[in-house]
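Summary of the model geometry
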Amino acid sequence: MDAIRIRKFGGVASIVVGVLVAGTSIGVNDPLAGSVGVLCALIGGASLYDLHAAA
């Protein structure tokens, strides 16, 4: 795997994990976990955007 594919996979994985954490935090009513999940998803999105802009 080259570096671009690894970063792409990491960005997508970060978005998926962030959405899952944010979704489960709604079920257990934990706003801190929801914030962390949203932040994780935003970081993954920013990573993918940065990767797309650099190409």
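Bear in mind the structure is a predicted one, so any value in this text is a computation, not a measurement.

Let's shift gears to the overall build of the protein chain. Within the protein chain one finds two helices and zero strands. Relative to its length of 55 residues, the protein chain is extended, with a C-alpha radius of gyration of 13 Å against a globular reference of 10 Å. Scored against the burial criterion, the 55 residues of the protein chain give a buried share of 18%. In the protein chain, once contacts between residues fewer than 6 apart in sequence are set aside, the share between residues at least 24 apart is 57%. Counting only carbon and sulfur atoms, one obtains 74% of the accessible surface of the protein chain, whose full area is about 4,000 Å².

Before going further, it helps to spend a moment on the pattern of salt bridges. Under the defined criterion, the tally for this structure stands at one salt bridge. Among the salt bridges present, the one from Arg7 reaches Asp50, with a minimum N-O distance of 3.2 Å. Taken together, the residues Arg7 in helix α1 (residues 3–28) and Asp50 in helix α2 (residues 31–54) connect sequence positions 43 residues apart. Judged by its relative accessible area of 38%, Arg7 is partly exposed.

Each value, and the rule that gives it
Residues numbered from 1 in each chain as written. Predicted model: local features only at pLDDT ≥ 70, side-chain atom pairs only at ≥ 80, totals over all residues. Heavy atoms only, no water. Helix = DSSP H or I, 4+ residues; strand = E, 2+ residues; numbered from the N terminus. Rg over C-alpha atoms; globule rule 2.2 N^0.38 Å. Buried < 20%, exposed > 50% of the residue type's maximum accessible area, 1.4 Å probe, protein only. Contact = heavy atoms within 4.5 Å. Areas by Shrake-Rupley, 256 points an atom, 1.4 Å probe, with all protein chains shown as cover. Salt bridge = Lys/Arg side-chain N within 4 Å of Asp/Glu carboxyl O.

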